[in-house]
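Breakdown of the fold
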Amino acid sequence: MSGTTLDDYTGRYAARVHGMAQSEIRALFSVANRPEVVSLAGGNPYTAALPFDDLEEMFSRLLHDSGPKSFMYCPGQGDPRLREAIADVLELTGIRASADDLVLTTGAQQGLDLLARTFLDPGDIVLAEGPTYVGALGVFQAAQADVRHLPMDAQGLIPAGLEEALRKLETQGREAKFLYTVPTYQNPAGVTLSEERRDEILTIAERYGLLVIEDDPYSMITFEDEPPKPLRARVERGVIYLGTVSKIFAAGLRLGWVLAPPAVRDKLLLAVEASILCPPALTQEATRRFLTEMEWQQQVKVFTTLYQERRDALLGALSDYMPQGTSWTRPEGGMFVWLDLPAGLDSKAMLPRALSERVAYVPGTGFYSDGDGAAHMRLNFSFPTSDEIREGVRRLGGVISDERRLRDAFTADTE
Ligand code: PMP
């Protein structure tokens, strides 16, 4: 729908709808998806790398063995056998979880929505990294929460920044409902909370009684031997953990999970039932078979090898084509690089020029609740090929250099 659609319903909407705006990413899609545009704007995993012959066999066995059941409703908490399989996957990351404490959702995105429904009243304060995941911002805005961003650097969230925010709230007699964090290979910044800081963040959270929501879709998409263990692997209390098959298998299946303490789990289950009755049975059975019958870890390796190659192509092209004054993160996993523009440039204002030069990115403002982020942009390396990435960065480098020249000419004129 375009932003100019006449709306006869304005007076009827719920108050929370007024805070809901189309994300910058959605608004971009129609142009960024044109074939002549190199899109570094997306966030799609490269599903063409899935083993479709093996999947054909797997789905055919699924239909043969459990067709009727997979086309039915199922228990609200989801198939216990799948929850067992997910608990085994979590154990590989160092998380010890009981299958009984897992709630299955239609993607981590629904997990976020259920948590917002469970914990947030209008005006509640949520702490989040700055920048943070755009889909989480959409959920928190719909819940009419007051999102406060916390500073990050190349080592992730800065513990002193968290502590300062908490202290300030305390002196105002206020409390944050929770900290929302993507500590590993963050979307959009591509940075990872260091080993040392993980413990510091948890210590601070414990001291202030702060609930932590850990969103972890990317830790298996790692280019390192071993990424730092999730926060939930370090403490069992005070951390609610979100996971998904979107990056290790298929985002189109819409299957994720929330690992929560029993009391919260029970509330989430009620929310699942109210929202969707039960998670999709077909998707669950496909995921269960993927995790128990297929070489899924091998498949994750296929994704990570490909993304690492593309990450290298992106970093190489950035060094070759970006003008002075530009800097960027060097992700050790995940799907995104965060770029800082030369001083005075604005990624949102620059976008029409970039699109006319046939390259797309997401302006940094999409990842903040408060209009910040114009000096940055997010670049994706999981979907475009290495050649496309190189060409896209070459075009982008030209656009940024031109903008910089214009800025220099303007400042010289006005001096
Ligand atoms: N959290 C983060 C940080 C993400 O990047 C994404 C997907 N882009 C999600 C949650 C949503 O994942 P899912 O596909 O499981 O809903």
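Taken together, the neighbourhood of the ligand is formed by 13 residues, with Ala-108, Asp-215, Tyr-218, Thr-244 and Ser-246 sitting nearest. One of the backbone N or O atoms of Gln-109 is found 2.9 Å from an oxygen atom in the ligand. At a separation of 2.6 Å, an oxygen atom of the ligand approaches a polar side-chain atom of Ser-246. Here the ligand loses 92% of its free accessible area of 400 Å² to cover by the protein chains. Elements that contribute at least two residues to the shell around the ligand include exactly α4 (107-119) and α9 (246-250). A total of 3 residues in the shell around the ligand trace back to one element, the largest contributor, which is α4.

This part takes up the sheet that holds strand β4 (residues 146-150). The 7 strands are arranged β2-β10-β9-β8-β7-β3-β4 in an open sheet whose pairing can be described as mixed. Each end of this open sheet is capped by a strand with a single partner; those strands are β2 (102-105) and β4. When strand polarity is set aside, the average angle formed by the axes of neighbouring strands in this sheet is 20 degrees. As defined by bridge partners, strand β7 (residues 176-181) adjoins strand β8 (residues 212-215) across 3 bridges and the pair is classed as parallel. Paired with Tyr-180 across the bridge in β8 is Ile-213. Against the sheet, helix α3 (residues 80-92) engages β2, β9 (239-244) and β10 (256-259), with an angle of about 105 degrees to β2.

This part is about a nonpolar patch on the surface. Together, Tyr-9, Tyr-13, Val-17 and Met-20 line one region of the surface with nonpolar side chains, adding up to about 390 Å² of accessible area. Residue position: Met-20 is located in the segment before α1 (24-32).

One way to see where empty space is left: roll a probe the size of a water molecule over the atoms. All chains considered together, the criterion is met by 1 cavity of 30 Å³ or more. Along the walls of the largest cavity sit Val-89, Leu-90, Thr-93, Asp-216, Pro-217, Ser-219, Met-220, Tyr-241, Gly-243, Thr-244, Ile-248 and Trp-257, which together make up its complete lining. Contributing elements (two or more residues each) for the lining of the largest cavity: α3 and β9. Among the elements that line the lining of the largest cavity, the one with the most residues is β9, at 3 residues.

Here is what the cut-offs are and how they apply
Residues numbered from 1 in each chain as written. Predicted model: local features only at pLDDT ≥ 70, side-chain atom pairs only at ≥ 80, totals over all residues. Heavy atoms only, no water. Near = heavy atom within 4 Å. Polar contact = N/O pair within 3.5 Å; in protein donor to acceptor, adjacent residues only side chain to side chain. Areas by Shrake-Rupley, 256 points an atom, 1.4 Å probe, with all protein chains shown as cover. Helix = DSSP H or I, 4+ residues; strand = E, 2+ residues; numbered from the N terminus. Pairing = 2+ DSSP bridges. Axes fitted to C-alpha atoms, helices over the stretch in contact; angles between N-to-C directions. Contact = heavy atoms within 4.5 Å. Patch = residues over 30% accessible without salt bridge, like charges linked within 9 Å, V, L, I, M, F, W, Y side chains within 5 Å. Salt bridge = Lys/Arg side-chain N within 4 Å of Asp/Glu carboxyl O. 1 Å grid on protein atoms, 1.4 Å probe; cavity = no way out; pocket = protein on both sides within 12 Å on 5 of 7 lines; lining within 4 Å. Points joined across faces, edges and corners; volume = space filled by probe spheres on them.

None of this, on its own, says anything about what the molecule does.
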